[in-house]
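These are the residues of each chain, in order.
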Amino acid sequence: MFQTLRLIKAKYDAAATTDENRRHWRNADDLSANAANNAEVRRLLRIRSRYEVANNSYAKGLVLTLAHDTVGTGPRLQMLTPDNSVNRHLEQEFSQWCRNVRLAEKLRTMRMARAADGEAFALLTDNRALPSAIKLDVQLIECDQVTTPDLSLKALRAIDGIRFDGDGNPVEFHILRDHPGDPLAGIGFKYDRVPARSVIHYFRADRPGQARGIPDITPALPLFAHLRRYTLAVITAAEIAALPGGVLYTDAPANGEAESVEPMDLIELERGMLMTMPGGWKVSQIQAQFPTTTYGEFKREILGEIGRCLLVPVNVLTGDSSRHNYASGRLDHQTYFKSIRVEQSHLEAVVMDRILEAWLAEAAMVPGLLPKAIQPTLTQRTWMWDGTSHVDPLKEANAQAVRLASFTTTLADEYARMGLDWETQIRQRAKELALLNELGLMPESTVIDEEESDAEDQPQNRDTVAAA
């Protein structure tokens, strides 16, 4: 028995084009990721995003918050080689090098650039002026400089500013010698071909095959414009209601007895002053018919929509938690802190591991810096970031004690939550206790016997209490 094949037809409302949704979907296209994010599109998004960040306090605060919460004071290296003394030595040397090159500051700038520009680039170069044996430096460049002025449309395996190999790996970056927006830039836009091993490209790929980034706040740019226009409209309405602005009109017929008044003439008025009108004319004040009472609610809703594309809750974006209780505030922060951990992991893989690899390669060439018996690798390391402070330190301390007592956590994990090295903290605590003991400041520990404790809990009669 043969089964009859049936043609199944399916219809989706979202796939149907009607008179109602035609205008809404008119900008939809089927371009590839790189075609949709071509050089001109990225340039327009970049300059508009920079303008908004430079002139909108909420946009500026948003990118600063992301940079501070993601990078903070910078990641700390923790080596995991079998030799603890080697670990401490390398951690101290790398920490000093990070301070010399101001790495934490540069990482914050890279995070801000990714939010506002869409991507950030860093060059691994030599800086002979560094006060350390390792001359490796991290030089930041704006994404405007990474471009290929003479890129042909027929060029294979090449995107504006980047050339790839057959496996899709970057081979070289084309970096302009001068910024294209610099008035003193040379004519012709000369560029250098820099090997990919010397370039760090930090961006978020939203689509497979995407080679260049667009600003993180791209979906929020129209919303920022709406918020600014609404704010200006509310302010204008309030000013109209507060100032004696109006229109002169007359009930007299044309060529009547009303005095002659120049059409569209303006009369300057002062606040709190009495006025006299020309004969036959009346004044009508402009009424501010505007829903100013809903301004605060609208502003909060649109800011919540703006922050959503970056997983930032509205109380973090506005810096105001007055409408949140303790539970809702903590709940809103959970997804935000998770997104911060994801971004930190991205920074580790794309930026920090590349920097550490270059640092270890140069450290191996410095006599006496690395022991000959141990050659550290990237697999023998971990990164620690700033911890997040708890709203209620007492509750967090009690929860921490319970986790340690129930063996559901370790000291290393608990110190890592605070962005601290557990070995360093324990050694410091041991030094403090030894000094307290040496100076005789160590308090005597009071041990209560269980039977004595039970006896104290028993009720006593009045005679016993009186005798005591």
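The structure presented is a predicted model; accordingly, all values stated were derived computationally and were not measured. (Residues numbered from 1 in each chain as written. Predicted model: local features only at pLDDT ≥ 70, side-chain atom pairs only at ≥ 80, totals over all residues. Heavy atoms only, no water.)

Remarks on helix α7 (residues 295-308)
Move 1: For α7, spanning 14 residues, the distance from its first C-alpha to its last is 20 Å, which sits close to the expected 20 Å at 1.5 Å a residue.
Move 2: Taken together, the buried positions of α7 are occupied by Y295, R300, I302, L303, I306 and G307. (Helix = DSSP H or I, 4+ residues; strand = E, 2+ residues; numbered from the N terminus. Expected span 1.5 Å × (residues − 1). Buried < 20%, exposed > 50% of the residue type's maximum accessible area, 1.4 Å probe, protein only.)

Regarding the nonpolar core
Move 1: One finds F94, W97, L103 and W359 to be the most contacted residues of the largest nonpolar core, which totals 35 residues.
Move 2: Taken together, the elements giving at least two residues each to this core come down to β1 (76-79), α4 (84-101), α5 (103-116), β2 (119-126), β3 (136-141), β8 (199-203) and α9 (326-363).
Move 3: At 8 residues, α9 tops the list of elements feeding residues into this core.
Move 4: Of all hydrophobic cores here, the second largest spans 23 residues; its members include A116, F224, L227 and I306. (Core = buried A, V, L, I, M, F, W, Y, C linked by side-chain atoms within 4.5 Å.)

Focus: the sheet that holds β2
Strand-to-strand pairing in sheets goes through backbone hydrogen bonds, with the strands running parallel or antiparallel.
Move 1: Here 3 strands make up an open sheet; going across it, the order is β3-β2-β8 and the pairing antiparallel. Looking at the sheet topology across the chains shown, the edges are occupied by β3 and β8. In this sheet, neighbouring strand axes are inclined to one another by 25° on average, regardless of whether the strands run parallel or antiparallel.
Move 2: As judged from the 5 bridges shared by β2 and β8, these two strands associate in the antiparallel manner. Across the sheet, residue A122 finds its bridge partner in β8, namely I200.
Move 3: Against the sheet, α9 touches β2, β3 and β8, its axis set at about 175° to β8. (Pairing = 2+ DSSP bridges. Axes fitted to C-alpha atoms, helices over the stretch in contact; angles between N-to-C directions. Contact = heavy atoms within 4.5 Å.)

Let's talk about a nonpolar patch on the surface
Move 1: A surface patch of nonpolar side chains, amounting to about 230 Å² of accessible area, comprises L411, W422 and I426.
Move 2: Here L411 shows up in helix α11 (residues 411-417).
Move 3: A residue is classified by how much of its surface remains accessible, and L411, at 38% relative accessible area, is partly exposed. (Patch = residues over 30% accessible without salt bridge, like charges linked within 9 Å, V, L, I, M, F, W, Y side chains within 5 Å. Areas by Shrake-Rupley, 256 points an atom, 1.4 Å probe, with all protein chains shown as cover. Salt bridge = Lys/Arg side-chain N within 4 Å of Asp/Glu carboxyl O.)

Observations concerning the pattern of salt bridges
Opposite charge on two side chains makes pairing possible when the charged atoms of those side chains draw close.
Move 1: Evaluation of the coordinates by the stated rule reveals 23 salt bridges.
Move 2: Between R193 and E172 there is a salt bridge; the shortest N-O distance is 2.8 Å. Residue R193 is located in strand β7 (residues 191-195), and its partner E172 is located in strand β6 (residues 170-176); the two are separated by 21 residues in the primary sequence.
Move 3: Put simply, R46, R50, D117, E142 and D144 are held in one network by salt bridges that share partners.

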